[in-house]
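# Fold and geometry: a report
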Amino acid sequence: AGFSESYVKGKVKQMMEQIPSGSLCFWVSPSFSSSKYLAKRKAVETWLKDSLKAYTRVKCSLLTSIDEMSKQKACSSFNSSDGLHMTSCGSQLWGELISRKLCALGRL
């Protein structure tokens, strides 16, 4: 949550350059968090989208979760007391959401 846009985009490019052409590539964006960190996580999600669009040698699918997880009702406490890390319930919901998204991409 403390990284700058240029740092994130530079790291994404650096990692993308290590992926062989023709590979399957999936990026998982940051998960939902408390309001203290939410704006930064949404910004990182946007930076990831921009970075992946700009990189043409390898096409990656971006799996987002912030909007869906912000609407969840299953966990009374999604984030731990620090507002950054997920509780066990939140982790399970998030993992299930990302798994469903991966499976849906596999059916395309």
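The structure reproduced in this document is the subject of the present report. (Residues numbered from 1 in each chain as written. Predicted model: local features only at pLDDT ≥ 70, side-chain atom pairs only at ≥ 80, totals over all residues. Heavy atoms only, no water.)

Examined against the element boundaries, Ile66 turns out to sit in helix α3 (residues 66-70). Residue contacts for Ile66: discarding those within four places in its chain leaves Pro30, Ser31, Phe32, Leu38, Arg41, Lys42 and Glu45. (Helix = DSSP H or I, 4+ residues; strand = E, 2+ residues; numbered from the N terminus. Contact = heavy atoms within 4.5 Å.)

A separate point is the pattern of salt bridges. All chains considered together, the criterion is met by five salt bridges. Between Lys9 and Glu5 there is a salt bridge, with its nearest N and O atoms 2.9 Å apart. Here Lys9 pairs with Glu5, and both are found in helix α1 (residues 5-16), just four residues apart, close to one helical turn. Since its relative accessible area comes to 27%, Lys9 is described here as partly exposed. (Salt bridge = Lys/Arg side-chain N within 4 Å of Asp/Glu carboxyl O. Buried < 20%, exposed > 50% of the residue type's maximum accessible area, 1.4 Å probe, protein only.)

Summed over the entire model, instances satisfying the criterion amount to two disulfides. Here Cys25 connects covalently by a disulfide to Cys60, the sulfurs 1.8 Å from one another. Between Cys25 and Cys60, the disulfide has an S-S torsion of 90 degrees and is therefore right-handed. With a gap of 35 residues between them, Cys25 in the loop between α1 and β1 (26-28) and Cys60 in the loop between α2 (35-54) and β2 (61-63) connect regions that are remote in the sequence. Exposure class is identical for Cys25 and Cys60. Each is buried. With its sulfur 2.0 Å from that of its partner, Cys75 forms a disulfide with Cys89. Here the S-S torsion is close to -90 degrees, and the disulfide linking Cys75 with Cys89 is therefore left-handed. Of this pair, Cys75 sits in the loop between α3 and α4 (88-106) while Cys89 sits in helix α4, placing them 14 residues apart in sequence. When its relative accessible area of 7% is taken as the criterion, Cys75 is described as buried. Judged by its relative accessible area of 32%, Cys89 is partly exposed. (Disulfide = S-S within 2.5 Å.)

What follows is about the environment of Gln72. Here Gln72 is to be found in the loop between α3 and α4. When the C-alpha atoms of Gln72 and Ser29 are compared, they prove to be 17 Å apart, with 43 residues separating the residues in sequence. In this structure, Gln72 is in contact with Phe78 and Leu93, ignoring residues within four places of it in sequence. Looking at Gln72, its side chain comes within polar contact range of the main-chain nitrogen of Cys75, at 2.8 Å. (Polar contact = N/O pair within 3.5 Å; in protein donor to acceptor, adjacent residues only side chain to side chain.)

This part is about α1. With 12 residues, α1 extends 16 Å from end C-alpha to end C-alpha; this agrees with the ideal 16 Å at 1.5 Å per step. Buried within α1 are the following residues: Val8, Val12 and Met16. Each buried residue of α1 lies within a common arc of 70 degrees when the element is viewed along its axis, so the set occupies one face. Those residues of α1 hidden inside the fold are in contact with β1 and α2. (Expected span 1.5 Å × (residues − 1). Arc of directions from axis to C-beta.)

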